[in-house]
Amino acid sequence: MTEYEQEIELIKEMGLKSSPLRLEYEEKVHALRNLPENLKAKGYSEEQIARIMYGERRELGRRYKEAAPPLFRAYIYAATAAKYGDPLGPTYEMLREKKTCRQIIESASRPIEDLDDRLTLNGFKQWYKAYKNQQAR
């Protein structure tokens, strides 16, 4: 069985949103809820807290993307880069164009709800075809 076939089977078996790795990631993201009050008590400004929360969430995303199976990881990075122009997601500056510091703080502890709409088995298959075609060049 090829690496691609193994990863397809894993995705079919565990799903995207219900895999143990995804569930662990979501738990860690939810745990960030406690950080803003601790930072506020230490005298951090709302802007500082927003930047820290953003950084913590981005680092969690990076670590858990890196823990994904290799081909699926590459697909996640490609899909994220296609949406945001950055394989790790929107930059802090991009978020500030549309959100207040308070909104960034709040959203940093909420996992993406529509993940299954963004990362799909068919999307993975299409990405893999394009990936293999690009490698063949």
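Above this text is the structure in question.
Residues numbered from 1 in each chain as written. Predicted model: local features only at pLDDT ≥ 70, side-chain atom pairs only at ≥ 80, totals over all residues. Heavy atoms only, no water.

Points about the overall build of the chain
In step 1: Within the chain one finds nine helices and zero strands.
In step 2: For the chain, the C-alpha atoms occupy an extent of roughly 55 × 30 × 20 Å along the three principal directions.
In step 3: When contacts within the chain are restricted to residue pairs at least 6 apart in sequence, long-range pairs at least 24 apart make up 73% of them.
In step 4: As displayed, the chain has an accessible area near 8,600 Å², and 49% of this comes from carbon and sulfur atoms. (Helix = DSSP H or I, 4+ residues; strand = E, 2+ residues; numbered from the N terminus. Contact = heavy atoms within 4.5 Å. Areas by Shrake-Rupley, 256 points an atom, 1.4 Å probe, with all protein chains shown as cover.)

A look at the environment of Y92
In step 1: Tracing the chain through its elements places Y92 in helix α6 (residues 92-98).
In step 2: Taking the relative accessible area as the measure of exposure, Y92 reaches 4% and is therefore buried.
In step 3: On a C-alpha basis, the gap between Y92 and A67 in space is 23 Å, while along the polypeptide they are 25 residues apart.
In step 4: Other than its neighbours up to four places away in sequence, Y92 contacts E47, A50, R51, Y54, C101 and I104. (Buried < 20%, exposed > 50% of the residue type's maximum accessible area, 1.4 Å probe, protein only.)

Re the environment of A81
In step 1: Topologically, A81 is positioned in helix α5 (residues 70-84).
In step 2: Sequence-distant contacts of A81, defined by excluding residues within four places in its chain, comprise D86 and P87.

A word on the nonpolar core
In step 1: If you look at the biggest cluster of nonpolar residues, it comprises 16 residues, and the most contacted ones within it are A50, M53, L60, Y92 and I104.
In step 2: Looking at this core, the elements that each hand over two or more residues are α2 (20-31), α4 (46-67), α6 and α7 (101-107).
In step 3: Here this core gets six residues from one element, more than from any other, and that element is α4.
In step 4: Among all residues touching M53, those that are not within four sequence positions of it are L32, L35, P36, I105 and A108. (Core = buried A, V, L, I, M, F, W, Y, C linked by side-chain atoms within 4.5 Å.)

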